Amino acid sequence: MTTVIDGKQVAASVIDAVKTASQALTEQTGVKTGLAVVIVGNDPASHAYVSSKSKMAKECGFTSVQHTLPEETTQAELAALVQTLNKDESLHGILVQLPLPKHFNSEAIIQSILPEKDVDGLHVVNAGKLATGDLDGGLVSCTPAGAMVFVKRTHGEDLSGLNAVVIGRSNLFGKPMAQLLLAANATVTVAHSRTKDLASVCRSADILVAAVGRPEMVKADWVKPGATVIDVGINRIAAPEKGEGKSRLVGDVAFDECAKVAAVITPVPGGVGPMTIAMLMANTVIAAYRKAGKAAPKF
Ligand SMILES: NC(=O)c1ccc[n+]([C@@H]2O[C@H](COP(=O)([O-])OP(=O)(O)OC[C@H]3O[C@@H](n4cnc5c(N)ncnc54)[C@H](OP(=O)(O)O)[C@@H]3O)[C@@H](O)[C@H]2O)c1
C-alpha cells in the first residue's frame, strides 16, 4: 500500500507548532515575532505568494509588515529599505520576494539582509553554515527544509545506511537538500543535466528527490521498489481534457505510475508546495527565539 503524503496536513501541523512556539515566546519574554515581506513590481504570481505569506504570518500571531514597492524602485531605494528593516528590533525575519524586476542586482539585495534575519535561507552565511553541518546556527532554505520534514517523518532523524538521490543542483533547492540529507547520515548523490544514465542512478535511491522543472520526467522504472519519492517540481501543462485553453499542475515525477512502485510519494499539487510557507513561519519564530537568547524550537 503506497502512502501519499498530505502536504497540506503536514504544513498545518508545522503551523500549529509555530503558533504555540510564538505564543510561548511572548509569554516568557514579551517578544512578539515579527516578519517583513517586501515585494517590488507587478508580477501577479509574486503578489499572490506575498499576500499568502503576510496572511499566514498574522495567523501565526506575528507582527506582519508588508512593503509593496513600485516597479521603478531603484537598487539604492530597495537597499535602503533592507537596511531599515535590518535595524528594526521588532522584526526577526526579512523576506524579499524573488524574482525582482530585471533591473535589480538581486544577489546584492539578498546578501545585504542580516544573516540572522534571512528567513529564506539564501544568505551565503546561512548556506555556509548548512554546508559545514551547523544546522542549529543558521537558517535553512524553506523548500528543502519542508521536504526534509517529510523525509524525517517517514524515516526518522537518522538516515544511516539509506541512499538518497537529489535530481537538481540549484542553490535554492538541490544543494541545500543534499546537505540536509547528508547531515542526517544518508549517502547522497546529486544528479543534474550532465549526469550519465540518470534512470539507473535514481534506481539506487531509497529516497529520491526530484527538483528539475521538467514535467513528469521521473518514470516508474527509475524508482526503486519501496522507495520514498519527494517531488519538488511545479510545472504547468496544457489540459485539453478540462476544456480549451485549460492547464493543470504536475510535478517532475509521473505520479500515477511511480505511485505503484514507491512506498511513499508526494503529490503535486498538495505535497512539498504547502511546506514552503510553513517553513518560512518556522524560520521566523526560530530567528525570534535566537534573538531573545532562547533555545530555538525544532520543526
Ligand atoms: N515551493 C516549491 O514547491 C518550490 C520551490 C522551489 C522550486 N520548486 C520547483 O522545483 C523545480 C526546480 O527548481 P529549482 O529552482 O531548483 O530549478 P533550477 O534552478 O532551474 O534547477 C534545475 C536543476 O535541474 C537540473 N536539470 C535540468 N534538466 C535536467 C535533466 N534533463 N536531467 C537531470 N537534471 C536536469 C539542472 O541541472 P544543471 O545544473 O546541470 O543545469 C538544475 O540543477 C522547479 O519546477 C520549481 O518550480 C518548487
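Everything below is about the structure shown above.
Residues numbered from 1 in each chain as written. Predicted model: local features only at pLDDT ≥ 70, side-chain atom pairs only at ≥ 80, totals over all residues. Heavy atoms only, no water.

A.B. asks: An account of the pairing of strand 7 (residues 207–210) is needed here, citing residue identities and associated values.
C.D. replies: Taking every second residue as pointing to the same face, both faces of strand 7 are buried, with Ile207 and Val209 on one and Leu208 and Ala210 on the other. In the sheet, strand 5 (residues 163–167) pairs with strand 7 via four bridges, with the strands oriented parallel. Paired with Val166 across the two strands is Val209, which belongs to strand 7. Relative to strand 8 (residues 228–231), strand 7 runs parallel, the two sharing four bridges. (Buried < 20%, exposed > 50% of the residue type's maximum accessible area, 1.4 Å probe, protein only. Helix = DSSP H or I, 4+ residues; strand = E, 2+ residues; numbered from the N terminus. Pairing = 2+ DSSP bridges.)

A.B. asks: Residues and numbers for the site of the ligand, please.
C.D. replies: In the neighbourhood of the ligand, 20 residues make up the surrounding shell, with Arg169, Ser170, Ser193, Ile234 and Thr276 lying closest. Contact distances for the ligand include 2.5 Å between an oxygen atom and a side-chain N or O atom of Ser193. In this structure, an oxygen atom belonging to the ligand sits 3.4 Å away from a main-chain N or O atom of Val232. Burial of the ligand by the surrounding chains reaches 70%, relative to a free accessible area of 930 Å². Each residue belonging to the shell around the ligand can be placed in one class, and the counts come to nine nonpolar, nine polar and two charged. (Near = heavy atom within 4 Å. Polar contact = N/O pair within 3.5 Å; in protein donor to acceptor, adjacent residues only side chain to side chain. Areas by Shrake-Rupley, 256 points an atom, 1.4 Å probe, with all protein chains shown as cover. Nonpolar A, V, L, I, M, F, W, Y, C, P; charged D, E, K, R; others polar.)

A.B. asks: Tell me about the sheet that holds strand 4 (residues 93–96), and please be specific about residues and values.
C.D. replies: Judged by pairing direction, the sheet is parallel, and its three strands sit side by side in the order 3-2-4 without closing on themselves. A strand with exactly one partner marks an edge of an open sheet, and here the two such strands are strand 3 (63–69) and strand 4. Sheet twist, expressed as the average angle between the axes of neighbouring strands with direction ignored, equals 15°. Here four bridges tie strand 2 (residues 34–40) to strand 4, and the two strands are oriented parallel to one another. Note on strand 4: the bridge partner recorded for Ala36 is Ile94. Against the sheet, helix 2 (residues 44–59) makes contact with strand 2, strand 3 and strand 4, and its axis sits at roughly 160° relative to strand 3, the strand it touches most. The sheet contacts of helix 3 (residues 75–87) involve strand 2, strand 3 and strand 4, and relative to strand 2 the element is tilted by about 175°. (Axes fitted to C-alpha atoms, helices over the stretch in contact; angles between N-to-C directions. Contact = heavy atoms within 4.5 Å.)

A.B. asks: Describe unusual backbone geometry, with residues and values.
C.D. replies: Looking along the chain, the bond that leaves Leu98 and enters Pro99 is cis, with omega of 0°. For Pro99, the location among the structural elements is in the loop between strand 4 and helix 4 (106–112). If you check the backbone angles, Asn185 has positive phi at about 80° while not being a glycine. Mapping Asn185 onto the fold places it in the loop between helix 7 (174–183) and strand 6 (187–191). You can call Asn185 partly exposed: its relative accessible area is 42%. Phi at Glu216 is positive, roughly 50°, even though this residue is not glycine. Mapped onto the secondary structure, Glu216 falls in the loop between strand 7 and strand 8. Overall, Glu216 belongs to the partly exposed group, its relative accessible area being 27%.

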